[in-house]
Amino acid sequence: MDRPIAYDKLAREDRFVRMRARDVGELKVEQGLPPFPDLASRESIRERVHGIMVGELQAMEGAGRTVYDFPDAPWEFTMDMARQVWDESRHVETYLGLLEHLGGRVGEFPESTILWRCACAEDAAARVAGVNRGLEGLACDVFNQLIHIAQKIGDPIIEKAVDYVLADEITHVRMGSRWLNELTRGDAERRRKAIEFQETIDERFNLGGSRQDGHHELVPISIAKEARKLAGFTDEEIERLVKSTQRSQVY
Amino acid sequence: MSSQRLSGHLSVDDSARRIRNYRYAEERLMRVLGGWIALTPELPAKLLFGRHVWDCAQHADLWGRRLPELRAAAHESAPANDAMVAFTEMLESPEGPRQTLERIVGVYGVLKPHLVTIYARHLASTNAVYEPPTRRILVRCLEEERRHAAAGAIVLDRLARDAAARARVADWERRLLTVLEKAGGVTGDATAPLVDPAVLGVTPEVVAPDLVQVPPDFDPAALPADLAAAVDALRKSLESGDDADAAAWIEPAARDALRAAFAPLAGRIAGTRVVGLAAIGRQQMVKLRIESPRAIGFVQLRWTQTASGWRIAAGDLVSTEPVSAAP
């Protein structure tokens, strides 16, 4: 088996429709719709849940590749990644259940492969920075928002299930924080590149600029500062993220 | 205490050697299952592998941490011999999207049942006075590997739907077992049978945590009636070779691009099937499987509502494969 494998080797059942996130967003804007689900209706929540489900699928696949791709990495790193595979498989099951709970079906919306592409970075440090800290950090923000919406609409099934997933995500971000430091110890250049990769992700994948600093009631997606601190983000990093969202491009 | 209670089969050094062999097998399983998840299309298999990577990692970890207690270096994996390396390379070789059955049977029909057999024999021969640390690990690994093998058998049964698929499974299983026999099993000294069905049985309740309830296959009834009628008409045009009629379903601005996209499937279309449907706002992306005599292609057609009804606004050929490779 190649180490790593090419992006386009990602295997899916025929029922999945794969598209670029940018193309989907543009087609929706052309129809006068928001580029990303605004969670204002049950169908919109269903679309968000479907997006998260495929993201969890890709997170499981990415962590699995990391277990395979780096046989010489520290054993404890491999153990953390193996644990993450198991966690993500439960998250997929959770979101499959939530999709059913919302009356949806697998493949109902197109899949984009943003997370998977980040998970194909050649350096293990870049993968944990980009996926664990960048994208799973974004997941913390998104899940926090979903829990808030579930509370507002009185849906304890979504609220409780997503809260457990959020707890796992914080653990994954924490793993990313730990391994970014340990894998790059004594190698400033490798660390710089990994952090740069993460910052690129923070800036580019920002749900159309809807992730902002502020209370849930005031902004579309609130940056989950407390969750991020629990996960090992410093105040300075959170401040930098807030600033980056203010100049963020769509997607 | 009778001296009989202190008799044993393995020396400390021999025990450490076997544990390095076990760790080799569990570590290889952990890594290959992890690597295969992305390469495996079918959700039941993908999620089965995802469930078991962590268990195999813990088994390898337990064995690796036992080693220094036996005067050996921690966390060392070692194959019993070169033939065992050849076996694992063969086990890991099916990585194509249409080789899921081989992947499942290799791990769940051969290596894991073999590990259950070997762990059970080892457990039966360990000394209860001075080997309890090894026994505890064996008990855990034995129980979990037995559960894994049973879960894998259920998924395999679900995916190997016809006689040809079952023949493929049987053939790959036989070939792998032959190579494993040459190696003398994971420990290099295992006697026949390498897989003992008598130690494999588990109840369905024990297996349940390893199996994710995956949703049923795509149902074309998901298409709204008016869109289904339009798609069916397009399919009939394609299957009858009526290009002009097929083109009438395509917006004029998209016709050239679609003609180019379909070019690799040029020639008589033997059959078509709707395999997916995804919403993009009010538009619908319909995924079609198109069979021509030599190739199977998948196209994604974006349908939009116009004054004349549903029409194709754009489309792409997303993949093709030779008929011989397709299921």
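For the structure, see preceding data.
Figured I'd write up the structure that's included with this text. It should be emphasised that the depicted structure is a prediction, and the values quoted were computed from it without experimental measurement. (Residues numbered from 1 in each chain as written. Chains lettered and ligands numbered in written order. Predicted model: local features only at pLDDT ≥ 70, side-chain atom pairs only at ≥ 80, totals over all residues.)

Right, let's get into the pairing of strand β1 (residues 271–280) of chain B. All names here are of chain B. Here nine bridges tie β1 to strand β2 (residues 283–291), and the two strands are oriented antiparallel to one another. What sits directly across from threonine 272, in β2, is isoleucine 290. The loop that links β1 with its antiparallel partner β2 comprises two residues; one of these, glycine 281, has a positive phi angle of about 60°. (Pairing = 2+ DSSP bridges. Helix = DSSP H or I, 4+ residues; strand = E, 2+ residues; numbered from the N terminus.)

In terms of nonpolar packing, the biggest core is built from 117 residues, with Val85 of chain A together with Met30, Leu33 and Val53 of chain B touching the most fellow members. At 15 residues, helix α5 (residues 124–153) of chain A tops the list of elements feeding residues into this core. Sequence-distant contacts of valine 85 of chain A, defined by excluding residues within four places in its chain, comprise Met60, Ala63, Gly64 and Val67 of chain A together with Gly34, Gly50, Val53 and Trp54 of chain B. Core analysis: the second largest hydrophobic core is formed by 30 residues, Phe109 of chain A together with Leu234, Ile290 and Trp310 of chain B among them. (Core = buried A, V, L, I, M, F, W, Y, C linked by C-beta atoms within 7 Å. Buried ≥ 20, exposed ≤ 12 C-beta atoms within 10 Å, placed from the backbone. Contact = placed C-beta atoms within 7 Å.)

In this section: the interface of chain B and chain A. At the interface, 41 residues of chain B touch 42 residues of chain A. Sorting the residues of the side of chain B that touches chain A by element identifies α1 (12–37), α2 (43–66), β1, β2 and β3 (295–306) of chain B as the ones contributing at least two each. Tallied by class, the residues present in the side of chain B that touches chain A amount to 23 nonpolar, nine polar and nine charged. (Nonpolar A, V, L, I, M, F, W, Y, C, P; charged D, E, K, R; others polar.)

With that out of the way, let us pick up the packing of helix α4 (residues 100–125) of chain B against helix α6 (residues 163–183) of chain B. Residue and element names in this part refer to chain B. Two numbers describe how α4 lies on α6: the axes approach to 9 Å, and their chain directions differ by 45°. Classified by the angle between their axes, α4 and α6 sit oblique to one another. Between α4 and α6 the crossing geometry is right-handed. In this structure, α4 contributes Leu101, Glu102, Val105, Gly106, Gly109, Val110 and His114 to the contact, and α6 contributes Ala165, Arg168, Val169, Trp172, Glu173, Leu176, Leu177 and Leu180. Its residues assigned to classes, the contact of α4 with α6 shows nine nonpolar, three polar and three charged. (Axes fitted to C-alpha atoms, helices over the stretch in contact; angles between N-to-C directions. Parallel < 35°, antiparallel > 145°, perpendicular 65-115°, else oblique. Left-handed = near helix turned anticlockwise from the far one by under 90°.)

Residue and element names in this part refer to chain B. Reading across the sheet, the four strands line up as β1-β2-β3-β4 and stay open at both edges, with antiparallel pairing between neighbours. If you trace the sheet from one side to the other, it starts and ends with β1 and β4 (309–322), each paired once. Each strand axis lies, on average, 20° off the axis of its neighbour in the sheet, ignoring direction. Bridge count for β2 against β3 is eight bridges, and the pairing is antiparallel. Paired with lysine 287 across the two strands is glutamine 300, which belongs to β3. Helix-sheet contacts for helix α10 (residues 255–262) involve β3 and β4, and the interaxial angle to β4 is about 20°.

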